[in-house]
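Structure at a glance
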Amino acid sequence: MRIGMTLSHMEYEYSQRLLQGCRQYVEDTGNGFLVFSTEEPESTESEFAYQEWAISKFFNKKNLDGIVIQTATLSRFIKEENAVEFVSNLDKKLPVVSIVTPVPNVPSLVVDSEEAFKNLLRHLIDDHGRKKLLLIGIKSESDDIMQRIRFFREVMKEKNIDFDEDHILYAGYTIESAEEVLEKKYPTKESIDFDGIVCVIDEIAMGAISHMFKLGVDVPEQVTISGFDNTVRSVYCYPSLSTIDQSISNQSYLGAKLLSDRINGKKIDLVKRLHSSACYRVSCGCLSQGDPYVSITDKGEKILKDRDFYSTAFKSFFVRNNQNVNIMDFIEDLNSGLSLDALSRRLDRYMKMFNIKRSAICLYEKPVEINRHEKFILPERARIFYACNVDVPGQKTVNSEEYFDCSKSLLPDFMMDDITGLNAVRILYHGNLQYGYMILSIGDYGGTEYMMIYTLMAKFIAIAYEVSNLSDRNKKLSILSKTDEMTGILNRRGFMLVGQQNISLASDVGKSGLVIYGDMDGLKYINDTYGHEAGDRAIIAEVELLKKTFRAADTIGRLGGDEFAIVSISLTMEMFEKLRHRLDELCEEWNRTSNEPFKLSISLGAAVFDSEKFNLESLLSKADDEQYKVKHAKKTIRQN
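I will try to describe carefully the structure that is included in this document. The shown structure was predicted, so the numbers you read here are calculated from the model rather than taken from an experiment.

When you go through the protein residue by residue, the secondary structure sums to 18 helices and 24 strands. Against the globule reference of 26 Å for 640 residues, the protein gives a C-alpha radius of gyration of 38 Å, more extended than a compact globule. Considering only C-alpha atoms, the protein reaches an extent of 130 × 60 × 50 Å along its principal axes. Relative to its 640 residues, the protein shows a buried fraction of 53%. Of the contacts made within the protein by residues no fewer than 6 positions apart, 71% connect residues no fewer than 24 positions apart.

Structure below.
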């Protein structure tokens, strides 16, 4: 079985906890799991974040047996009814389970936090005497966030507390956004007019703690602070944060299990509830920093710290520090502007460095330009740029030129069964151009680190693509700059460059040869009598006769107008005389059969090059002198 799950912002701790549940599910079941790194289609968090929503085009039965959708996260930037409509429509094509937010007629794992959150608020009011509470929310379409604000108002009403609407601030989803709104509203210690801060997520609570410390306000003595989500940081921060435990890792685990049961035809409840619990810690005043407890639940249960409580945190810090060093090496290595070929040769090392055991990087036939609000149509043709599975010896593909229909399946049919374990799927884009996508197994790096790796890899692949294209374009431009447009042979610049290289190489290995100078006879007469178009036809025809006369290995160029030159390695003067006679015969034959009103003729002169005489300019000058003698002799014969 192969199932998927949408995951927004893998670097956020909420998402990392969800990944823990996904990993546990894979370990327990052995099923393949694809985590699709998505961003909301209307996201404004970065200019091109909308690109990541294109990954939803891969949600089909060919790729997945079913998918878990974080409907609540999807609702952050689009109206919940639109998110629900998306999930409902998807469920008609593919078995779906919604987590956090219920979707009508779609199996849903609903996280019920009402009782726990209200218990936390009552605890602050009744047990700690906090009556002047400041609420920091988020302006979001997410019903989950709006519920928390509604629960807050209901408890204020229940406790007969006259709540001042000025005591509601709105931040974003980050620590910095909370610090910013607090700094604006409460710039000094004297401006504080509350005795507690209630935050709708832990990240905002961290920002609140930071700002209180900056102002010299004691937490929890003067101001209590609470969050929501029970992130790992909430346990280890100072002071440890009172919060709501939504059992986040259990959400993804139970969501995947519910989906598996549905796929297997088992009878399941349309709505399954997962109840949250409150965790009281130092920031509300229930514990002191030195207590042997992690937290006290709203049921009164005291949770002891593990004996490795602090060593685990330090170990994690040093491990992640080493991982970040590897990421810096990765950045430094790739900053050199690699081409696709060069990048493909280094990917083995990068995958091993980041403990990515299974990988597939797919590139579209050509990049797709996508602008905000435009409908994305998945290209039909993609190729495997790089694929490797260390669990299958010898299974590796680099720069395949074979295309497959990616609109039907993520990978060619013969590779689909190799999608095992826990994997991330990420769109490759840079700006408004989308290049393809990658499927990478998730190893032992943290979510933040993998997000950095995926983002950097996407950018560097895009850059490598452009470097390769630029190189190809430059090669074409280089060829064009050295080629005579009318005849297709080398122009003067190209001939002088290539001709000199060939002479130097021949001289270095002790070989000699000839530099030949040719000047067409009577081209001015042809132009004056029959027109310049006729003159062009005469030049083109003469070039074809030169090609027939000389070898493919010889270098032929048009120096300008009616002048030509040839570099021929190993050609002797005796052989040259035979070739000159052969060219005269070809001209005569052409004159008889061409039906043109003009006649072709060319005068040739030659100079020998060897290890002592190898300067092309000098050799051309000498060959031109010899050519002039031939031309003058022809004129003398005609006059007589």
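Moving on from the coordinates now.
So, on to the sheet that holds strand 14 (residues 302-304). Reading across from one edge, 10-12-13-14 is the order of the four strands in this open sheet, with antiparallel pairing throughout. Each edge of the sheet is formed by a strand with only one pairing partner; in this case those strands are strand 10 (243-245) and strand 14. Recorded for the sheet is a direction-independent mean angle of 35° between the axes of neighbouring strands. Sheet topology places strand 13 (residues 293-297) next to strand 14; three bridges connect them, and they run antiparallel. Counted as the bridge partner of Ile296 is Lys302 from strand 14. The strands touched by helix 4 (residues 114-126) within the sheet are strand 10 and strand 12 (277-280), with strand 12 carrying the most contacts at an inclination of about 35°.

For the bond running from Val219 to Pro220, omega is 10°, close enough to zero to count as cis. With respect to the helices and strands, Pro220 occurs in the loop between helix 7 (202-215) and strand 9 (224-226). The omega torsion across Tyr238 and Pro239 is -10°, close enough to zero to call that bond cis. Here Asn355, not a glycine, exhibits a phi torsion of approximately 55°, which is positive. Relative to the helices and strands, Asn355 is located in the loop between helix 11 (340-353) and strand 15 (358-369). The class of Asn355 is partly exposed, set by a relative accessible area of 28%. The phi dihedral of Asn595 is positive, around 65°, even though this residue is not glycine.

Procedures and definitions
- Residues numbered from 1 in each chain as written.
- Predicted model: local features only at pLDDT ≥ 70, side-chain atom pairs only at ≥ 80, totals over all residues.
- Heavy atoms only, no water.
- Helix = DSSP H or I, 4+ residues; strand = E, 2+ residues; numbered from the N terminus.
- Rg over C-alpha atoms; globule rule 2.2 N^0.38 Å.
- Buried < 20%, exposed > 50% of the residue type's maximum accessible area, 1.4 Å probe, protein only.
- Contact = heavy atoms within 4.5 Å.
- Pairing = 2+ DSSP bridges.
- Axes fitted to C-alpha atoms, helices over the stretch in contact; angles between N-to-C directions.

Worth remembering: the numbers are spatial, not functional.
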